[in-house]
Amino acid sequence: MLNVDQIRNGIVIDHIKAGQGIRIFNWLGLGRAPYNVAFVVNASSGRMGRKDIIKIDNEIEINFDILGLIDPNITVNIIENEGITEKIKLQLPERVEDILVCKNPRCITSTEKIPHIFHLYDRGRETYRCEYCDEVRSAADFR
Ligand SMILES: [Zn+2]
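Just so it is clear, the structure is predicted and the values come from calculations on it, not from any experiment.

What counts, and where the lines are drawn
- Residues numbered from 1 in each chain as written.
- Predicted model: local features only at pLDDT ≥ 70, side-chain atom pairs only at ≥ 80, totals over all residues.
- Helix = DSSP H or I, 4+ residues; strand = E, 2+ residues; numbered from the N terminus.
- Buried ≥ 20, exposed ≤ 12 C-beta atoms within 10 Å, placed from the backbone.
- Contact = placed C-beta atoms within 7 Å.
- Pairing = 2+ DSSP bridges.
- Axes fitted to C-alpha atoms, helices over the stretch in contact; angles between N-to-C directions.
- Domains from an automatic or database assignment.

### Brief notes about the overall build of the protein
- Looking only at helices and strands, the protein has two helices and nine strands in total.
- For the protein, the N- to C-terminal ordering of α and β elements is β-α-β-β-α-β-β-β-β-β-β.
- Expressed along its principal axes, the backbone C-alpha trace of the protein runs to roughly 55 × 30 × 25 Å.
- Across the 143 residues that make up the protein, the buried fraction comes to 24%.
- Expressed as a percentage of contacts within the protein between residues at least 6 apart in sequence, the contacts between residues at least 24 apart total 56%.

### Regarding the environment of Cys130
- For Cys130, the position within the fold is in strand E8 (residues 127-130).
- What makes Cys130 buried here is the crowd of 22 C-beta atoms within 10 Å.
- With near-sequence residues (within four places) excluded, Cys130 lies in contact with Cys102, Asn104, Cys107, Phe118 and Glu135.

### So, the sheet that holds strand E1 (residues 10-17)
- Strand order across the open sheet formed by five strands is E2-E3-E1-E4-E5, with antiparallel pairing between neighbours. For this open sheet the edge positions go to strand E2 (37-45) and strand E5 (83-89), each flanked by a neighbour on one side alone. Strand-to-strand twist across the sheet, computed as the mean angle between neighbouring axes with direction ignored, equals 20°.
- Note that strand E4 (residues 75-80) and E5 share six bridges and pair antiparallel. By the bridge assignment for E5, Thr75 is matched with Lys89.

### A closer look at the domain arrangement of the protein
- As assigned here, the protein comprises domain 1 (10-89) and domain 2 (95-142).
- Placing the centre of domain 1 and that of domain 2 at their C-alpha centroids yields a distance of 26 Å.

### Considerations on the pairing of E5
- Counting buried positions over the seven residues of E5 gives zero, only a small fraction of the element.
- Adjacent in sequence and paired antiparallel, E4 and E5 are bridged by two residues, among which Asn81 carries a positive phi angle near 50°.

So, in structure tokens, the structure goes:
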């Protein structure tokens, strides 16, 4: 079982695909965090074989849409007073704004200053479709 003894109030990002934790660690800027952070690489996991885990002893704001786009299999545990008070199972977001970028030169987003909006197109293939021109992009392009 996950040991959260050292986390008082904070967040545990669990079930990260092994090897992917460093990208999340860097995205969250945890290398220069002024609070305790534990980064576990290649932990044994019955469900996944190997996984990465990030334990953050601070209540930080995380954009779960972006985190779900990076790795939709993640579980986020919210820790309060050393206990898990909430488990959030991430998934690919239905809609993302200014996260994926449309690369179609004929798309209105290439000439107008409007947000890049994509809608989930195929959950299995992890693809998104541009709201304006129907160009399809893969969530993997963001990773
Ligand atoms: Zn477009």
